[in-house]
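Listed below are the residues making up each chain.
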Amino acid sequence: MSEIALAGPPSRPAARYWLLLFFLAVIWGASFMAGKVGLTGFGPVTLAAVRISIAAATLTAVAWAIGLKFPAWSAPRGPRVWAHVLGMALFTNAIPFTLLAWGQLRVTSGFAGITMAVVPLLVLPLAHCLVPGETMNRWKATGFAVGFVGTVVLVGGGALGSAGSDLEGLARLACVGAACCYALGSIITRLCPPVLTLVFAAAGLCVAAILSVPTALFIEGVPAAPGWTAFLAVLFLGLFPTALATVVLVSIIKGAGPSFLSLVNYQVPVLAIIFGVVFIGEPLPGQFLGALGLILLGLMLSQLRGRAVHPDAAQTTRPDTSPVN
């Protein structure tokens, strides 16, 4: 099992990270549809708390079943590890899940989708300043810009139109705030000291559950029994876009870097539209093929190596000497 270590990402991500990236895009693309269904039976804060709790219970059970334990506070760098666990719990789970669920009640789905494409633009300068080996270069900047334009084309100008809802301005800010949280959370995860991926993910979700469940009960109270459709939607959200996705995203961040992970946010809107067309009969946007071409071009450009890359960037990776639990 892989471990988290503070090391520079490989200069060219391996094929397995591209496969993991696409898999993550698929389950996150489906999460928008599942979230809409889940909101028919749960309040937004409760929805976030329930999906986090399901994911936390699942990953903790798996970790304990194979003999893994949470990092000891008394261990070397134990407090620092738990500080990163808290950061991941807040900025990758509790806060963005709540903000997105609340925002999706009041804004168009197009606006919610386009805010996810902002994540790479936020990660780029953060990673350049904070993460070894994540040096910005002209190809990364060009690729991210082209991919973002492709996402704007995909969503279309009408997506920014008003949905006629009260508090819509605050809801838009909530979606943008969720994107900012994801960007910050990926950097916090990348900088964590060595710890097993599954342990880190489970610990972060447990902390997120401890924070989000009392908050949901205080704000929305004990929820009424939801319908089966809403329950199954939230169960899906907890098991796949939250539990499994947390393990996958931590693996990608530690193996290929946060900038590479942020490329998933160009794919999610595309796949969300595909799910809508196939499963709930939504019309296919006329600009879909052109936008998809721009997004794929942006992905390709961002992975090219330019002269702006520091010559020592590819040599920043150090061997992982941490013991396996």
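Residues numbered from 1 in each chain as written. Predicted model: local features only at pLDDT ≥ 70, side-chain atom pairs only at ≥ 80, totals over all residues. Heavy atoms only, no water.

Caption draft 1: Representation of the overall build of the protein chain within the structure. Helices and strands together make up the secondary structure of the protein chain, namely twelve helices and two strands. Secondary structure of the protein chain in N-to-C order comes out as β-α-α-α-α-α-α-α-β-α-α-α-α-α. Among the 325 residues that make up the protein chain, the fraction classed as buried is 52%. Summarising the internal contacts of the protein chain: among those between residues at least 6 apart in sequence, 90% fall at separations of at least 24. (Helix = DSSP H or I, 4+ residues; strand = E, 2+ residues; numbered from the N terminus. Buried < 20%, exposed > 50% of the residue type's maximum accessible area, 1.4 Å probe, protein only. Contact = heavy atoms within 4.5 Å.)

Caption draft 2: Representation of the packing of helix 8 (residues 197-220) against helix 9 (residues 228-256) in the model. Remark: helix 8 packs on helix 9, axes separated minimally by 9 Å, with the N-to-C direction vectors making an angle of 130 degrees. Judged by the angle between their axes, helix 8 and helix 9 are oblique. Handedness of the crossing formed by helix 8 with helix 9: right-handed. In this structure, helix 8 uses Thr197, Leu198, Phe200, Ala201 and Leu205 to contact helix 9, whose residues at the interface are Thr242, Ala243, Thr246, Val247, Val250 and Ser251. Taken together, the residues that form the contact of helix 8 with helix 9 break down as seven nonpolar, four polar and no charged. (Axes fitted to C-alpha atoms, helices over the stretch in contact; angles between N-to-C directions. Parallel < 35°, antiparallel > 145°, perpendicular 65-115°, else oblique. Left-handed = near helix turned anticlockwise from the far one by under 90°. Nonpolar A, V, L, I, M, F, W, Y, C, P; charged D, E, K, R; others polar.)

Caption draft 3: Summary view of the packing of aromatic side chains. This model, assessed by the stated rule, comprises four aromatic pairs. When the centroid spacing of 6.2 Å and the interplanar angle of 80 degrees are considered together, the rings of phenylalanine 70 and tryptophan 82 count as edge-to-face. Taken together, the residues span a long stretch of sequence, with phenylalanine 70 in the loop between helix 2 (44-65) and helix 3 (78-104) and tryptophan 82 in helix 3 at a distance of twelve residues. Since its relative accessible area comes to 28%, phenylalanine 70 is described here as partly exposed. The aromatic ring of phenylalanine 97 is capped on one face by arginine 51, whose charged end is 3.8 Å from the ring centroid. (Phe/Tyr/Trp six-rings, centres within 6.5 Å; stacked < 30°, edge-to-face > 60°. Lys NZ or Arg CZ within 6 Å of the ring centre and 35° of its normal.)

Caption draft 4: Molecular detail of the nonpolar core. Of all hydrophobic cores here, the largest spans 69 residues; its most connected members are Leu24 and Ile252. The biggest single contributor to this core is helix 8, with eleven residues. Setting aside residues up to four positions removed in sequence, leucine 24 forms contacts with Ala245, Val248, Leu249, Ile252, Leu261 and Val264. Phe42, Leu47, Ile54 and Ala101 belong to the second largest nonpolar core, which has nine residues in total. (Core = buried A, V, L, I, M, F, W, Y, C linked by side-chain atoms within 4.5 Å.)

Caption draft 5: Quick look at the packing of helix 3 against helix 9. Interaxial distance between helix 3 and helix 9 falls to 13 Å at its minimum, and their mutual angle equals 145 degrees. Here helix 3 and helix 9 pass one another in a crossing that is right-handed. Contacts from Met88, Thr92, Asn93 and Phe97 of helix 3 reach helix 9 at Thr242, Thr246 and Leu249. Residues that form the contact of helix 3 with helix 9 fall into these classes: three nonpolar, four polar and no charged.

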